[in-house]
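Observations on the model geometry
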Amino acid sequence: MNNLHIHTGNGQSESRATFAASGLTGHPVRTRPTHLKTLEEEGIYILREVAAQFERPALLFSGGKDSIVMVHLAEKAFRPLNNPFPLLHVDTGHNFAETIAFRDALVRRTGSRLIVGSVQESIDKGRVQEETGPEAGRNALQTTVLLDTLKKHSIDCAIGGGRRDEEKARAKERFFSHRNVFGQWDPKNQRPELWGLFNGRKNPGEHFRVFPLSNWTEMDIWQYIAAENIAIPSLYFSHTRNVFNRRGVWLDDSPFITRYPEEKVVQKVVRFRTIGDATCTGAVLSHASSLEEIIAEVAASRITERGNRHDDKRSEAAMEDRKILGYF
């Protein structure tokens, strides 16, 4: 338990005890780009709309940078009260250990209620079937687990950290995304959102997904994290890791992945641009060990952050197919 380190972006790290005791600290104060204030105000406005329009909203929390920023915005939106949204984490059972440790530390610091939907539990109950073989993954299984968890806790709005710049299917989303009684999304039948007015009306059994960060970019997220002094998991910063290459994607040498015979494990200096299931989240070769270096790297990159997500490479429409069925 004492070996957890929360990276603070300045080449230093702090222990779990320090993180829990003193909160999110460590980044030097940085100048905030002026447009971030507009994005922040928009996000806070949408979160307050969710609190006003829905009875049992929850914030989808993956442990990644976008969901961490959403928690930060919620804290700002409702001060001096605590964040009113419970954190909902769909646990694949194949997460990076650093992600789960960070999640638990953040829950303790904020006093948030944590709801966990377990993919392994759903497999054990026969609700979903485990994939097998070297290409097996649990990402697709999350849809059933998420929908079951929303129903179990009567959640009528799930707040997600999706951004329109991430992937073409996410670019089609509105801020308020209606889902039918089966949790399905119809990209051709979305409600207009004129003059900042959001329609959260729904029939019994239906729910909404809301995306406060829709207009943010990956660069905006990193600049905001730097300006706001927000702690993030150490996975985002360069470190030496055992990895192997699968069709151009560097994957973690995880016990949950079956390698092909020709896939050899090597040590590389890498970092992760996104954090998800360890079986499908690819690393990038990088020496960026500070927020300034990450921001410079993102500015120069010609590959999207999901370009190293192995699950997105299953088909051209992989993300949209999953979203239509009820994925995040």
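What you see is a predicted model, and the numbers here were worked out from it, not measured in a lab. (Residues numbered from 1 in each chain as written. Predicted model: local features only at pLDDT ≥ 70, side-chain atom pairs only at ≥ 80, totals over all residues. Heavy atoms only, no water.)

**Regarding the pattern of salt bridges**
Counting across every chain of the model gives 19 salt bridges. Of the charged contacts in the structure, one is a salt bridge between arginine 109 and glutamate 75, with a shortest N-O distance of 3.2 Å. A residue pair is termed long-range when its members are at least 10 positions apart, and arginine 109 in helix 4 (residues 97-110) and glutamate 75 in helix 3 (residues 65-78) qualify at 34 residues. Relative accessible area serves as the criterion here: at 25%, arginine 109 is assigned to the partly exposed category. In this structure, glutamate 218 engages arginine 273 in a salt bridge whose closest nitrogen and oxygen atoms are separated by 2.6 Å. Within this pair, whereas glutamate 218 is found in helix 7 (residues 218-228), its partner arginine 273 is found in the loop between strand 12 (266-271) and strand 13 (284-285), the two being separated by 55 residues in sequence. Exposure remark for arginine 273: the relative accessible area of 7% places this residue in the buried category. Beyond isolated ion pairs, a larger network of salt bridges with shared partners links Lys37, Glu40, Lys76 and Glu228. (Salt bridge = Lys/Arg side-chain N within 4 Å of Asp/Glu carboxyl O. Helix = DSSP H or I, 4+ residues; strand = E, 2+ residues; numbered from the N terminus. Buried < 20%, exposed > 50% of the residue type's maximum accessible area, 1.4 Å probe, protein only.)

**Notes on the environment of threonine 304**
Mapped onto the fold, threonine 304 is located in the loop between helix 8 (291-300) and helix 9 (318-325). Here threonine 304 falls in the partly exposed class, since its relative accessible area comes to 43%. Sequence separation between threonine 304 and aspartate 165 is 139 residues; the distance between their C-alpha atoms is 8.5 Å.

**Focus: the packing of helix 3 against helix 7**
One way to put it is that helix 3 packs onto helix 7 with a least axis distance of 11 Å and a crossing angle of 55 degrees. Between helix 3 and helix 7, the interaxial angle falls into the category oblique. For the element pair helix 3 and helix 7, the recorded crossing hand is left-handed. On helix 7, the residues that touch Lys65, Asp66, Val69, His72, Leu73 and Lys76 of helix 3 are Glu218, Ile221, Trp222, Tyr224, Ile225 and Glu228. Residue classes in the contact of helix 3 with helix 7 are distributed as 6 nonpolar, 1 polar and 5 charged. (Axes fitted to C-alpha atoms, helices over the stretch in contact; angles between N-to-C directions. Parallel < 35°, antiparallel > 145°, perpendicular 65-115°, else oblique. Left-handed = near helix turned anticlockwise from the far one by under 90°. Contact = heavy atoms within 4.5 Å. Nonpolar A, V, L, I, M, F, W, Y, C, P; charged D, E, K, R; others polar.)

**With respect to the packing of aromatic side chains**
Inspection of the entire model under this criterion finds 10 aromatic pairs. Ring centres 5.9 Å apart and planes at 40 degrees place the aromatic pair phenylalanine 54 and phenylalanine 176 in the tilted group. Remark: phenylalanine 176 occurs in strand 7 (residues 176-179) and phenylalanine 54 occurs in the loop between helix 2 (35-53) and strand 3 (57-60); sequence separation between them is 122 residues. With a centroid separation of 5.2 Å and 85 degrees between ring planes, the pair formed by tryptophan 216 and tyrosine 224 is classed as edge-to-face. (Phe/Tyr/Trp six-rings, centres within 6.5 Å; stacked < 30°, edge-to-face > 60°.)

**Notes on the packing of helix 3 against helix 4**
Any two packed helices are characterised by how steeply their axes cross, that is the angle between the axes, and by the distance between the axes. Remark: helix 3 packs on helix 4, axes separated minimally by 12 Å, with the N-to-C direction vectors making an angle of 5 degrees. Judged by the angle between their axes, helix 3 and helix 4 are roughly parallel. In contact with Ile68, Val71 and Glu75 of helix 3, helix 4 contributes Phe102, Leu106, Arg109 and Thr110. Among the residues forming the contact of helix 3 with helix 4, the class breakdown is 4 nonpolar, 1 polar and 2 charged.

**Some details on the pairing of strand 12**
By the bridge criterion, 5 bridges tie strand 10 (residues 239-246) to strand 12 in an arrangement that is antiparallel. Each residue of the ladder has a partner; that of histidine 239, found in strand 12, is valine 270. By the bridge criterion, 2 bridges tie strand 12 to strand 13 in an arrangement that is antiparallel. For arginine 271, the partnering residue across the bridge sits in strand 13 and is valine 284. (Pairing = 2+ DSSP bridges.)

**Concerning the sheet that holds strand 11 (residues 249-252)**
Sheet architecture is open: 4 strands sit in the order 11-10-12-13, paired in antiparallel fashion. The open sheet terminates on both sides in strands that have one partner only, identified here as strand 11 and strand 13. Note: strand 10 against strand 11, 4 bridges, orientation antiparallel. Residue pairing across strands places arginine 246 opposite valine 249, the latter belonging to strand 11.

None of this, on its own, says anything about what the molecule does.
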